[in-house]
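# Fold and contact review
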Amino acid sequence: MSDRQPFINAGLRALAQNLEGVDRSAYAAAGRDPCEPIFGLGPKHAKIAFFGRDPGREEVNVGLPFVGAGGRQIRNVLHARDPDMAGDAYFWANTVPYKPIGNKAWSMSVKRQFQPLVAEVLLTQWHGDNVITLGREAFFWFALAQSKAVGQAIKTHWESADRFTKSLPIEYQGPTAVAGRTLTLHPLPHPSPLNAVWFKRFPNLLADRLDALERR
């Protein structure tokens, strides 16, 4: 944990205090504080970060991200590649570290509120540069508070037929007083079982992404 992490957590808790749309019943059922952010984080020097949308019910129950049905898809692939690691060598974060009611995507206004702090997490708590994004919401998050050129590049990439096999380097601008850096985005579909079009194909797509990154 860096010196900034307690201040980041305090900022997230302050934003969550009066945040409408938090699934407070799920937090109450799990006996958890609805203002406590659910972040996975990970080693500062991890080569790869996984970036998703937001926590679900299982994540609230456990207090960790990426442990529901979609997250298990990811972890199963990682475990098959290296049973001793199974996720410990990666960095984990979400666009908004709180579960929304009905697991609906957070509104753009909410994502904008949290963006500076989440960006600071990525840029200060992690020193890598390869981000595997999970689904459209996570991929387009990287256009928030960025230049029009970056936003257009993200839109163009997503509209391409090979968006899940090609990668996109961007010059990511950090919030005030936080230095940005080049990040390379490697988009994948959302691994949820509800994503019927891609759910069965997801493990192979993830394995291909990891193979390509390991060859670098």
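Residues numbered from 1 in each chain as written. Predicted model: local features only at pLDDT ≥ 70, side-chain atom pairs only at ≥ 80, totals over all residues. Heavy atoms only, no water.

In strand β2 (residues 91-94), alternate side chains face the same way, and those of Phe91 and Ala93 on one face and Trp92 and Asn94 on the other are all buried. Bridge analysis of strand β1 (residues 48-52) against β2 gives four bridges, and the strand direction is parallel. Bridge assignment links Phe50 to a residue of β2, and that residue is Trp92. (Buried < 20%, exposed > 50% of the residue type's maximum accessible area, 1.4 Å probe, protein only. Helix = DSSP H or I, 4+ residues; strand = E, 2+ residues; numbered from the N terminus. Pairing = 2+ DSSP bridges.)

Here we come to the pattern of salt bridges. Tallying each qualifying case throughout the model produces 11 salt bridges. In this structure, the salt-bridge partner of Glu36 is Arg13, at a minimum N-O distance of 2.8 Å. You can see Glu36 sitting in the loop between α2 (24-30) and β1 and its partner Arg13 sitting in helix α1 (residues 5-17), a full 23 residues away along the chain. Judged by relative accessible area, which is 37%, Glu36 ranks as partly exposed. Since its relative accessible area comes to 28%, Arg13 is described here as partly exposed. Across the pair Glu214 and Arg81 runs a salt bridge whose closest N-O atoms are separated by 2.8 Å. Taken together, the residues Glu214 in helix α8 (residues 202-214) and Arg81 in helix α4 (residues 69-81) connect sequence positions 133 residues apart. Glu214 gets classed as exposed once you look at its relative accessible area, which sits at 52%. Residue classification places Arg81 among the partly exposed positions, given a relative accessible area of 29%. When salt bridges that share partners are traced, they join Arg13, Asp33 and Glu36 into one network. (Salt bridge = Lys/Arg side-chain N within 4 Å of Asp/Glu carboxyl O.)

So yeah, pure geometry; function would need other evidence.
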